[in-house]
Amino acid sequence: MRVRGYAPATPCWSVLTSPDPTAAAAFYTGLFGWTTAETEDGATVFLLRDLVVAGLAPSSAERAAWLTYVATDDADATTAQVTTAGGTVLQPPAEVPGRGRAALFADPAGAVFGAWQKSRFAGAQVQDEPGAICWSETVTWDVATTSTFYGKVFGWTDREGSVAGSNFEYHEWVSDNRVVGGMSVMDAKYPPGTPHHWRTIFSIDDCAGFMTRATDLGGRVLAGPIDAGIGLACQLLDPTGGQVLAIDVIPELRP
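Residues numbered from 1 in each chain as written. Predicted model: local features only at pLDDT ≥ 70, side-chain atom pairs only at ≥ 80, totals over all residues. Heavy atoms only, no water.

## So, the overall build of the protein chain
Argument step 1. Along the protein chain, the regular secondary structure elements total four helices and 16 strands.
Argument step 2. Its C-alpha radius of gyration of 17 Å places the protein chain within 12% of the 18 Å reference for a compact globule of 255 residues.
Argument step 3. C-alpha extents for the protein chain along the principal axes are approximately 45 × 45 × 35 Å.
Argument step 4. Sorting the 255 residues of the protein chain into buried and exposed places 51% on the buried side.
Argument step 5. Counting contacts in the protein chain only where the partners sit at least 6 residues apart, residues at least 24 apart contribute 61% of the total.
Argument step 6. Taken as a whole, the protein chain presents about 11600 Å² of accessible surface, with 52% of it coming from carbon and sulfur.
Argument step 7. Distance between charge centroids for the protein chain: 3 Å, based on 16 positive and 28 negative side chains. (Helix = DSSP H or I, 4+ residues; strand = E, 2+ residues; numbered from the N terminus. Rg over C-alpha atoms; globule rule 2.2 N^0.38 Å. Buried < 20%, exposed > 50% of the residue type's maximum accessible area, 1.4 Å probe, protein only. Contact = heavy atoms within 4.5 Å. Areas by Shrake-Rupley, 256 points an atom, 1.4 Å probe, with all protein chains shown as cover. Lys, Arg positive; Asp, Glu negative; His and termini not counted. Charge placed at Lys NZ, Arg CZ, Asp CG, Glu CD.)

Next comes the structure, spelled out in structure tokens:
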């Protein structure tokens, strides 16, 4: 689905930060049929049908990670709200030449996320179709603290998820009567000490084929296929350590 803009307080952009961008690019272009391109400021982006779908950036961390950015009309105001709500400013708002302003934060439990104030670039130009991002969610042990923090920063309220299945606790983030993302609650199935984090979820159209292709490209399947209530899902690691969660959504539930 072509996307031309995002309302404030909506996840709008995801970037893979990887210690080996070359290996990561080879994996994801093979996995999703993406191509890569460079922006005018030298950043690398992934393309689906010549539309920008996600970003790629080098990282000094041991493992790759997907980073979620939330749209804002005022990155400075969002930074102040993060501080007031008990979060941490990791990178204050800075210009991304020709595209917008970006800032990086951690919530009180340590989950890292960003804010994006557009100028000429609003975020991903395609979503909610196979090969594109379809969902962003925070994964937490502490519902109360997480809900309070994001409520103060983005004005989100949370409600019990209605389609994620009944075998685990799930919440949806709501902004101006629109569901914009989710909150997955960790339980005993997660290893003790698993850090709070944000998760990027991709739409696919063949879970079994996707898992085979990921393995052939050097990835490792962690779980799947799993009945997620809205379709079959799988979880894997890319060759640089980044986690990938993908779901073949039941056709009648697709946008």
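## Remarks on the environment of A103
Argument step 1. Inspection of the secondary structure assignment puts A103 in strand β7 (residues 100-106).
Argument step 2. Classification of A103 as buried rests on a relative accessible area of 2%.
Argument step 3. When the C-alpha atoms of A103 and T79 are compared, they prove to be 7.6 Å apart, with 24 residues separating the residues in sequence.
Argument step 4. A103 has contacts with Y69, T79, Q91, P92, P93, F113, G114 and A115, leaving out every residue within four places of it along the chain.

## Details of the pairing of strand β11 (residues 170-175)
Argument step 1. In terms of burial, β11 is largely enclosed, as six of its six residues are buried.
Argument step 2. Neither face of β11 is left uncovered, since the one carrying Y170, E172 and V174 and the one carrying H171, W173 and S175 both have all their residues buried.
Argument step 3. Pairing of strand β10 (residues 157-160) with β11 involves four bridges; the strand directions are antiparallel. Its bridge partner lying in β11, E160 is registered against H171.
Argument step 4. Where β11 meets strand β12 (residues 178-185), six bridges bridge the pair, whose relative direction is antiparallel. Counted as the bridge partner of E172 is G182 from β12.
Argument step 5. From the end of β11 to the start of β12, which pair antiparallel, there are two residues, and D176 there has a positive phi angle of about 50°. (Pairing = 2+ DSSP bridges.)

## Description of the packing of aromatic side chains
Pairs of aromatic rings are described using the distance from one ring centre to the other and the angle between the two planes.
Argument step 1. Following the criterion strictly, the structure yields 27 aromatic pairs and no others.
Argument step 2. Both rings, one in Y69 and one in W116, keep their centres 6.4 Å apart while their planes meet at 80°; by these two values the pair is edge-to-face. With a gap of 47 residues between them, Y69 in strand β5 (residues 65-71) and W116 in strand β8 (residues 112-118) connect regions that are remote in the sequence. W116 matches Y69 in its accessibility class, with the two residues each being buried.
Argument step 3. Through a chain of ring-to-ring contacts, three or more aromatic side chains come together here, namely F27, Y28, F32, W34, F46, W66, F202 and F210.
Argument step 4. Above the face of the F121 ring, R99 is positioned so that its terminal group lies 5.5 Å from the ring centre. (Phe/Tyr/Trp six-rings, centres within 6.5 Å; stacked < 30°, edge-to-face > 60°. Lys NZ or Arg CZ within 6 Å of the ring centre and 35° of its normal.)

## Details of helix α3 (residues 143-154)
Argument step 1. Here α3 spans 16 Å end to end across twelve residues, near enough to the 16 Å set by a 1.5 Å rise per residue.
Argument step 2. Buried residues of α3: T146, S147, F149, Y150, V153 and F154, and no others. Summarising the axial view, the buried residues of α3 lie within an arc of 165°, below the 170-degree limit, and thus occupy one face. Of the exposed residues in α3, those oriented more than 90 degrees away from the buried face are A144 and K152. (Expected span 1.5 Å × (residues − 1). Arc of directions from axis to C-beta.)

## Observations concerning the sheet that holds β7
Argument step 1. The eight strands lie next to each other as β2-β3-β4-β1-β5-β8-β7-β6, forming an open sheet whose pairing is mixed. Every other strand in the sheet has two partners, leaving β2 (35-38) and β6 (88-96) as the edge strands with one partner each. Sheet twist, expressed as the average angle between the axes of neighbouring strands with direction ignored, equals 30°.
Argument step 2. Where β5 and β8 come together, three bridges link them in parallel fashion. Of the residues in β8, the one forming a bridge with Y69 is G114. (Axes fitted to C-alpha atoms, helices over the stretch in contact; angles between N-to-C directions.)

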